[in-house]
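# Inside the fold
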Amino acid sequence: MDKNKTLKDYEVQIRECVKCGACQAHCPVYLENRREGDVARGKIALAAALLDKTGVLEKRLRQDISMCLMCGSCVNTCPNSVPTDKIVGAIRREITDNRGLSLLGRGVSTVIGHKPLMKAAIKTGAALSPLLLKEIPASSGLRLRFPVPLMKDRSLPVIPAKNLFDLFPEFIRGDGDKPTVGFFAGCSISFIYPEIGASMIRLLQKMGYSVFLPGSQKCCGIPALSSGDGRLVEKLAEDNVRSFQKYDIEHIITCCASCNGGVREYYSTMKADYGDFTGKVIDFNLFLAEQGFIEEMAELPKWQARTRVTYHDPCHLKTQGITKEPRALLRALPNVEFVEMEGASSCCGLGGTFSVYHYEISKAIGARKIAGLKESGAEMIATACPGCIMQLQDVINHAGLQVKAVHILDLISEALGLTEE
Amino acid sequence: MMEKKIIRSLRDIVGKENVYTENSDRITHSYDATQKSYLPDVVVYAHSAEQVSEVVKIADSLSIPLLPRGAGSGFTGGTLPVQGGIVLVLTRMNRILSIDTDNLIAVVEPGVVTSELQREVEKLGLFYPPDPASKDFCTLGGNVAECAGGPRCVKYGVTKDYILGLQVVTASGEIIRTGGKTLKNVVGYDLTKLFVGSEGTLGIVTEIVLKLLPKPEAKKTMLVQFETIDGAARAVADIIRAKIIPTTLEFLDAATIGCIRDISPIPLPDECRALLIIEVDGDSDVIEKQAARILDIIRPLGVLDTRIAETDAESEEIWEVRRKVSPSLRKVNPDKFNEDIVVPRSKVPDMITALEHLSEKYDVPIVNFGHAGDGNIHVNVMVDLAEDGMQEKVDMVMKEIFHAAVALEGSISGEHGIGISKMDYLGMEIDNSTLDYMRRIKRALDPNNTLNPGKIFESDVSG
């Protein structure tokens, strides 16, 4: 049974587009290309044409529909809140249903199942070695997001030998008697940046919470959603719901903005009701703010030598209105001197699988952040999404800037000495 | 579909990657904010005046309709290819060529987005005042073509007051220059003014020389709630009569307030039947005095509550009330007929009264808000077209609204233009000999009717 919504399910919202053009001001892809097919209004016109049968899934339509980061910027600023990101998802599923996983899925499976290609990947210095990639589940979004040989120029982090599940057991007892919380780590944190996950776990532990890290948790489904693989999204959603059923928990914490958006936004738009699960999922910034952690940090004596840090809004937090808490947290940290940057809320350009198809545009979108970053004089750009960190570091490297992209938790960990344990 | 040969010539001019012929391309370039849709035959993206010129030459020699297009955010169909043809998109000609801080001018290409220019000049302590509601996405080329306005126009004037010179591609493909970089210039006819507001029917603007002002030091925003619409209307008239010109003087009527009451960041009680947002700008000490005087003037007019923003955030909160309006109107009824009549400032109370009568007479909700300070009222007739005979009713109401505006020595459009939406009403305001004079200009400058045909004058628009 397909639990995903179809284009038809969005008909009412599609007809609510009044063609005002306001989305042009906010669409990262449009701002780069200045082409109507790239902006939400154009895509909604195409969606309406598909419903009216005046449009077909021709090549250009598929291209236009692929030109979306699903960042949700247009939805937030649309006078009628037309959910273009979800409508694009629905059209991509139709394309997949119609033509198979031709666009990306085939490319990815070619790379992963093709030895010479894989070798080429290693020769070009790409860091995702096939051996380690084997450790990453086949359904993981990482495989969709970073089919390495397709992106020769991209700087990728080195994959650590031990992933998060190697480092921690499924149940980690806290230092106090606070209740157990779930931790939805997500692929990037589990396999590429386990130290961010480790900081999250150690922090929760220190705050007195026990942590439940089910080894059976899967990818949140964003890359699959982005590439139009509706069936995979559905399967992942079911698996994730099941994974967290073992303990009676009130909160499931994420420290990857994309995973948070993936679970909270997209599962809730499927026809099946995942509310029991999605309602528990909470971004770590919000959780820490609710626990009074920001005030606690603010009371610590400021360090003599602080790092000048600015903040990048991950789209999946920004669209949920989570913009104040991360900044308040950074301002409170004793090791940080926080500075705002111009363009902090503009998308980094990664966008699910977008950067695989459109690496050049993805880079150009990311590069729009550079001027503001330079001007801020920041030594580090902190964010709350590993995808953004990867993309920002790539963009920074290409611009030849000496700025490090980090996770807020890296800075918390430094402030509290969490790594020394 | 267009002949292959023509497509090939277009590709030779702008490159293959800038000519779009697929069905999807035609769909995504078929509409604007009127929500009407007409398919073009081909879409061309131009990158220079020379390319525009070559494309125009082809169109003109073969009598193919040519539609210049910017952001496509117009409200009267200025960019709609009502007769098919070539849609020529200028959004990629979006360079700010220079900002001259010595002479206070900027030179830009037509695809520059209005607020992008504003941001850049403000960084240098300068100011470009015209601020149409769509400033974050509309282009300056479109602003010139429609002579865009905005809330700040009460004090600062409209787009035409800021255009010093233009580079224009004529209907025969010549590249001409009008005006220049000086404030004073009386050499030859004032062609600049002729092209500003010509809705793309006389030429295609490819470069714009804009006048800038020094950025005002400070501003003060006030939100005033009134017991009656009459009180608010009189407040507008009295402020102007006291020889104070605020930067903006926006008003919202009771129906509008009803639409946003639930979502307004500032509480609006039921007794509040009208609302004014007043902003003054200038030197800090001057605006303090102005604000105090304004409050003195309006106090006797049934004021319920006055809120004065002390910080930027508070000012933003007040403007947020105004921004909530447009998206909320459909709460009244699904279909919106949005007009932008304008009357002399002192006639605003009369116009409001006339609108109330029309709403009662035809039993249709009319929601009014807008730039009361310059007499420009956004009249929104909200109906459900699914009801029998509603379209006919709307047509009658519209006609009466325009009649009322013209009778008060006003105009049927303050800032949106004519396009296709208001061509039927042109004769109400402009007498035959004047209209004929305009037609003769169009015929003389565009004998083959290549540029944006079927707009402003003719009413034989094919669906």
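All of these numbers come straight from a predicted model, not from anything done at the bench.

## Some thoughts on the overall build of chain B
- Of the regular secondary structure elements, chain B holds 16 helices and 18 strands.
- On C-alpha atoms alone, chain B measures out to a radius of gyration of 23 Å, which is about the 23 Å that the 2.2 N^0.38 rule sets for 463 residues.
- Considering only C-alpha atoms, chain B reaches an extent of 70 × 60 × 40 Å along its principal axes.
- Within chain B, the fraction of its 463 residues that count as buried is 50%.
- Relative to all contacts within chain B whose residues are 6 or more apart in sequence, the contacts with residues 24 or more apart total 72%.

## Side note on the overall build of chain A
- Looking only at helices and strands, one finds 26 helices and nine strands in chain A.
- Within chain A, buried positions represent 54% of all 421 residues.
- At a minimum sequence separation of 6, the contacts of chain A that also span at least 24 residues come to 79%.

## Thoughts on the sheet that holds strand β2 (residues 180-184) of chain A
All names here are of chain A.
- Read across the sheet, five strands follow the order β1-β3-β2-β4-β5 without closing on themselves; strand pairing throughout is mixed. Two strands bound the open sheet, and with one partner strand each, they are β1 (171-172) and β5 (281-283).
- Two elements, β2 and strand β3 (residues 210-212), share three bridges in a ladder whose sense is parallel. Looking at the pairing, V181 lines up with V211 of β3.

## Topic: the interface of chain A and chain B
- In this complex, chain A contributes 21 residues to the contact, which on the side of chain B involves 23 residues.
- Counting residues per element, the ones that place at least two in the side of chain A that touches chain B are α3 (40-52) and α4 (59-66) of chain A.
- Taken together, the residues of the side of chain A that touches chain B break down into nine nonpolar, six polar and six charged.

## Looking at the confidence of the model for chain B
- For chain B, the average pLDDT comes to 93, and 99% of its residues sit at 70 or higher.
- The ipTM value of the predicted complex is 0.93, and its pTM value is 0.89.

## Digging into the packing of helix α8 (residues 229-241) of chain B against helix α13 (residues 348-362) of chain B
Residues and elements named next belong to chain B.
- Close contact between α8 and α13 brings their axes to 8 Å; oriented N to C, the two are set at 155 degrees. The orientation of α8 with respect to α13, classified from their angle, is roughly antiparallel. Remark: the crossing between α8 and α13 carries right-handed chirality. Residues I229, D230, A233, R234, V236 and A237 of α8 pack against V348, P349 and I352 of α13.
- Among the residues making up the contact of α8 with α13, the classes are represented as seven nonpolar, no polar and two charged.

## Thoughts on the packing of α13(B) against helix α14 (residues 390-407) of chain B
All names here are of chain B.
- Look at α13 against α14: their axes get within 10 Å of each other, and the N-to-C directions meet at 160 degrees. Here α13 lies roughly antiparallel to α14, going by the angle between them. α13 and α14 meet at a crossing whose hand is right-handed. Touching M351, A354, L355, L358 and Y362 of α13 are K393, M396, V397, E400, I401, A404 and A405, all from α14.
- Considered class by class, the residues forming the contact of α13 with α14 number 10 nonpolar, no polar and two charged.

## Regarding the domain arrangement of chain B
Residues and elements named next belong to chain B.
- Here chain B is described as being made up of domain 1 (4-89), domain 2 (96-214) and domain 3 (218-327).
- Between the C-alpha centres of domain 2 and domain 3 the distance comes to 30 Å.
- Of the residues belonging to the side of domain 2 that touches domain 3, the class tally is two nonpolar, no polar and two charged.

## Examining the sheet that holds strand β6 (residues 105-108) of chain B
Residues and elements named next belong to chain B.
- Overall, antiparallel pairing links the five strands, which are arranged β5-β6-β10-β8-β9 in an open sheet. Each having just a single partner strand, β5 (96-100) and β9 (175-179) make up the two edges of the open sheet. Each strand of the sheet is rotated relative to its neighbour by a mean of 15 degrees, with strand direction disregarded.
- Note: β6 against strand β10 (residues 203-211), four bridges, orientation antiparallel.

## Observations concerning unusual backbone geometry
- Despite not being glycine, A:R34 has its phi angle at roughly 55 degrees, a positive value.
- Among the secondary structure elements, A:R34 is positioned in the loop between α2 (28-33) and α3.
- The backbone phi angle of B:D363 is positive, close to 55 degrees, even though this residue is not glycine.
- Along the chain, B:D363 falls in the loop between α13 and β17 (366-371).
- Note on B:D363: 8 C-beta atoms within 10 Å, which makes it exposed.

## Points about the nonpolar core
- Of all hydrophobic cores here, the largest spans 235 residues; its most connected members are B:V44, B:I86, B:L88, B:L210, B:V236 and B:I401.
- Setting aside chain neighbours within four positions, we find B:L88 in contact with B:V44, B:A46, B:V52, B:V55, B:L66, B:L67, B:P68 and B:R69.

## Side note on α13(B)
Residues and elements named next belong to chain B.
- The end-to-end C-alpha distance of α13 is 21 Å, a good match for the 21 Å that 15 residues give at a rise of 1.5 Å each.
- Taken together, the buried positions of α13 are V348, M351, I352, L355 and L358. Taken down its axis, α13 places every buried residue within 120 degrees of arc, on the same side. Along α13, exposed side chains directed more than 90 degrees from the buried face belong to E360 and K361.
- Looking one or two residues beyond α13, the residue adopting positive phi is D363, at roughly 55 degrees.

## Observations concerning helix α13 (residues 194-206) of chain A
Residue and element names in this part refer to chain A.
- Here α13 is 13 residues long and its end C-alpha atoms lie 18 Å apart, about the 18 Å a rise of 1.5 Å per residue gives.
- In terms of residue burial, α13 counts as a mostly covered element, since 10 of its 13 residues are buried.
- Within the span of α13, buried status applies to P194, I196, G197, S199, M200, I201, R202, L203, L204 and Q205.
- Where α13 terminates, the next one or two residues include G208, which has phi positive at roughly 105 degrees.

## Comments concerning the pairing of β2(A)
Residue and element names in this part refer to chain A.
- Of all five residues in β2, four are buried; the element is thus mostly enclosed.
- Relative to strand β4 (residues 252-254), β2 is paired through three bridges, and the arrangement is parallel. Bridged to F184 within β4 is T254.

## A word on the environment of B:L80
All names here are of chain B.
- Here L80 shows up in the loop between β3 (66-69) and β4 (86-89).
- In this structure the C-alpha to C-alpha distance between L80 and P453, which are 373 residues apart in sequence, comes to 9.8 Å.
- If near-sequence neighbours (up to four positions away) are discounted, L80 is found in contact with D32, T34, K36, Y38 and I420.

## Considerations on the confidence of the model for chain A
- Taken residue by residue, chain A gives an average pLDDT of 86. The fraction at 70 or more is 85%.
- Taken as a whole, residues 105-132 of chain A scores under 50 in pLDDT and shows 36 contacts with residues more than four places along the chain or in a different chain.

## Observations concerning the environment of A:N80
- Checked against the element boundaries, A:N80 lands in the loop between α5 (73-77) and α6 (84-99).
- A C-alpha to C-alpha distance of 23 Å links A:N80 and A:N4, two positions 76 residues apart in sequence.
- Setting aside chain neighbours within four positions, we find A:N80 in contact with A:E16, A:C17, A:V18 and B:P327.

Calculation rules
- Residues numbered from 1 in each chain as written.
- Chains lettered and ligands numbered in written order.
- Predicted model: local features only at pLDDT ≥ 70, side-chain atom pairs only at ≥ 80, totals over all residues.
- Helix = DSSP H or I, 4+ residues; strand = E, 2+ residues; numbered from the N terminus.
- Rg over C-alpha atoms; globule rule 2.2 N^0.38 Å.
- Buried ≥ 20, exposed ≤ 12 C-beta atoms within 10 Å, placed from the backbone.
- Contact = placed C-beta atoms within 7 Å.
- Pairing = 2+ DSSP bridges.
- Nonpolar A, V, L, I, M, F, W, Y, C, P; charged D, E, K, R; others polar.
- pLDDT = per-residue confidence, 0-100.
- Axes fitted to C-alpha atoms, helices over the stretch in contact; angles between N-to-C directions.
- Parallel < 35°, antiparallel > 145°, perpendicular 65-115°, else oblique.
- Left-handed = near helix turned anticlockwise from the far one by under 90°.
- Domains from an automatic or database assignment.
- Core = buried A, V, L, I, M, F, W, Y, C linked by C-beta atoms within 7 Å.
- Expected span 1.5 Å × (residues − 1).
- Arc of directions from axis to C-beta.

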